[in-house]
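# A structural walkthrough
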Amino acid sequence: MLITGTGGGMGRVAAMVFAREGAKVVGCDIQAEANNETVEMVRQAGGEMTGIAPINLTDPEQVQRLVEEAVAAYGGLDVVYNNAAMQRFGPMPEFSIEDWRTTITGELDIPFFVSKYAWPHLVQRGGGVIINVGSVAGMIAGETPPMVAHCAAKAGVIGLTRQLALEGAKHGIRAVTISSGPVLTPASDRDLGDNQAARDAITSKTLLKRFGQPEEIVELAAFLASDRAAYITGANYAVDGGASAW
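All of these numbers come straight from a predicted model, not from anything done at the bench. Sequence order sets the numbering: in each chain, residues are counted from 1 along the sequence as written. Where local features are concerned, this predicted model is filtered to residues with pLDDT of at least 70; where side-chain atom pairs are given and counted, the filter is 80 or more; whole-chain, interface and lining totals use all residues. Water and hydrogen atoms were dropped before computing side-chain values, which therefore reflect all heavy atoms in the structure.

### Brief notes about the overall build of the chain
As a reminder, the rule being used: Put simply, DSSP marks the helices as runs of H or I at least four residues long and the strands as runs of E at least two long, and each gets a number from the N terminus on. Radius of gyration: C-alpha atoms only; globule rule: 2.2 Å multiplied by the number of residues to the exponent 0.38. Here the term buried applies to any residue with accessible area under 20% of the maximum for its type, exposed to any over 50%, and partly exposed to those in between, with areas from a 1.4 Å probe on protein chains only. All accessible-area figures derive from a Shrake-Rupley calculation using a 1.4 Å probe, and residue coverage is judged against the displayed protein chains alone.
A count of helices and strands for the chain gives 8 helices and 7 strands. A compact globule built from 246 residues would reach a C-alpha radius of gyration of about 18 Å, and the chain, at 17 Å, matches this within 12%. C-alpha atoms of the chain, sized along the principal axes, occupy 50 × 40 × 35 Å. Here the chain holds 246 residues, and 48% of them are scored as buried. Split by element, the accessible area of the chain, about 11600 Å² in all, is 54% carbon and sulfur.

See below:
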């Protein structure tokens, strides 16, 4: 399987969880050293992982090369986990055109590029699973921080997933979205520091009044990628602490 953005955060946790479940993982990241650390962690835990880095996933030629190397690593491709993304935040109308384009590229182009180049290999394999990481921002607006581009891009991811599911069904390809609420990764924890007001503002829309943990997202992904979820496709799963319930 191919997981994007395995240099840290949810991508690193995904590599660990899927390797634990017996998957042969190919992980990639733009940060080579961080990605190598993930590979070593997976191997020390008894898992199997190959790292490909640095890779700039906003460059379609690099993505095509990545997919070919991923297929070659273990002789095929069954699961694509589109985890990697980059985004910028800011209010209207000060939000710049550059920030808009960077976010759309970083959150919508990347999963499209990876899925596009992986698609023929999944068809050749007789089917597979594409898991796209969306966001509750693709379902509802977000006040803190202001997120006009993030909302637009992640809504696009949810729509992309539906279409992939429709076109993939005849090939045995399933596609699902996991839309997470605020998740506390090592990077976000570091950035927030001791700013409790910012933390409270971010989690205030959740019913549980807390951040999610990466494992709480990834464990669902592991189930959805498995044959136990064989009747699930085209769906969007909100794992958001209840943020979208009200």
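### Things to note about a nonpolar patch on the surface
Rules: Each patch is assembled from residues with relative accessible area greater than 30% and no salt bridge, linking like charges that lie within 9 Å and nonpolar side chains (Val, Leu, Ile, Met, Phe, Trp, Tyr) that lie within 5 Å. Salt-bridge detection follows one rule: a side-chain nitrogen of Lys or Arg within 4 Å of a carboxyl oxygen of Asp or Glu.
On the surface, Met92, Trp100 and Val148 cluster together into a nonpolar patch covering about 290 Å² of accessible area. Mapping Trp100 onto the fold places it in helix α4 (residues 97-125). We classify Trp100 as partly exposed; its relative accessible area is 34%.

### Here we look at the nonpolar core
A general feature of soluble globular proteins is that nonpolar side chains tend to end up buried together. Operational definition: Throughout this description, the term nonpolar core refers to a set of buried Ala, Val, Leu, Ile, Met, Phe, Trp, Tyr and Cys residues connected via side-chain atoms within 4.5 Å. Throughout, a residue-residue contact means that at least one pair of heavy atoms, one from each residue, lies within 4.5 Å.
One finds Met1, Ile3, Phe18, Val25, Tyr81, Ile131 and Val218 to be the most contacted residues of the largest nonpolar core, which totals 30 residues. Put simply, the parts of the chain that give this core at least two residues each are α1 (9-20), α2 (32-44), β4 (79-82), β5 (128-135), β6 (173-180) and α8 (214-225). The element best represented in this core is α1, accounting for 7 residues. With near-sequence residues (within four places) excluded, Met1 lies in contact with Phe18, Ala23, Lys24, Val25, Val26, Leu77, Val79 and Tyr81. Core analysis: the second largest hydrophobic core is formed by 27 residues, Leu2, Ile55, Leu57 and Ala175 among them.

### Comments concerning the pattern of salt bridges
Applying the stated criterion across every chain yields a total of 9 salt bridges. Where Asp78 meets Arg125, a salt bridge forms, and the shortest distance between an N and an O atom there is 2.8 Å. Here Asp78 is found in the loop between α3 (60-74) and β4, whereas its partner Arg125 is found in helix α4, with 47 residues between them in sequence. The partly exposed category is assigned to Asp78, whose relative accessible area is 33%. For Asp191, the salt bridge goes to Arg190, with nearest N and O atoms at 3.8 Å. The two residues Asp191 and Arg190 agree in class, both being exposed.

### Here's the deal with unusual backbone geometry
Note that the residue after Met92, namely Pro93, is joined by a cis bond; omega there is -5°. Structurally, Pro93 can be placed in the loop between β4 and α4. Pro145 follows Thr144 through a cis peptide bond whose omega is -10°. Mapping Pro145 onto the fold places it in the loop between β5 and α5 (148-168). Phi is positive for Lys209, close to 55°, though the residue is something other than glycine. Tracing the backbone through its elements, the reader meets Lys209 in the loop between α7 (196-203) and α8.

### Observations regarding the pairing of β5
The following threshold applies: Here the term right-handed applies to a crossover when the path leading from its first strand over the helix to its second strand runs clockwise, the strands being oriented away from the viewer. DSSP calls a pair of strands paired once it identifies at least 2 bridges connecting them.
Within β5, 8 of the 8 residues are buried, leaving the element largely enclosed by the surrounding structure. A two-sided burial pattern is seen for β5, the buried positions comprising Gly128, Ile130, Asn132 and Gly134 on one face and Val129, Ile131, Val133 and Ser135 on the other. The parallel pair β4 and β5 is bridged by α4, and the resulting crossover is right-handed. Here 8 bridges tie β5 to β6, and the two strands are oriented parallel to one another. Considered in β6, the bridge of Asn132 is made with Thr177. One crossover worth recording links β5 to the parallel β6 by way of α5, and it is right-handed.

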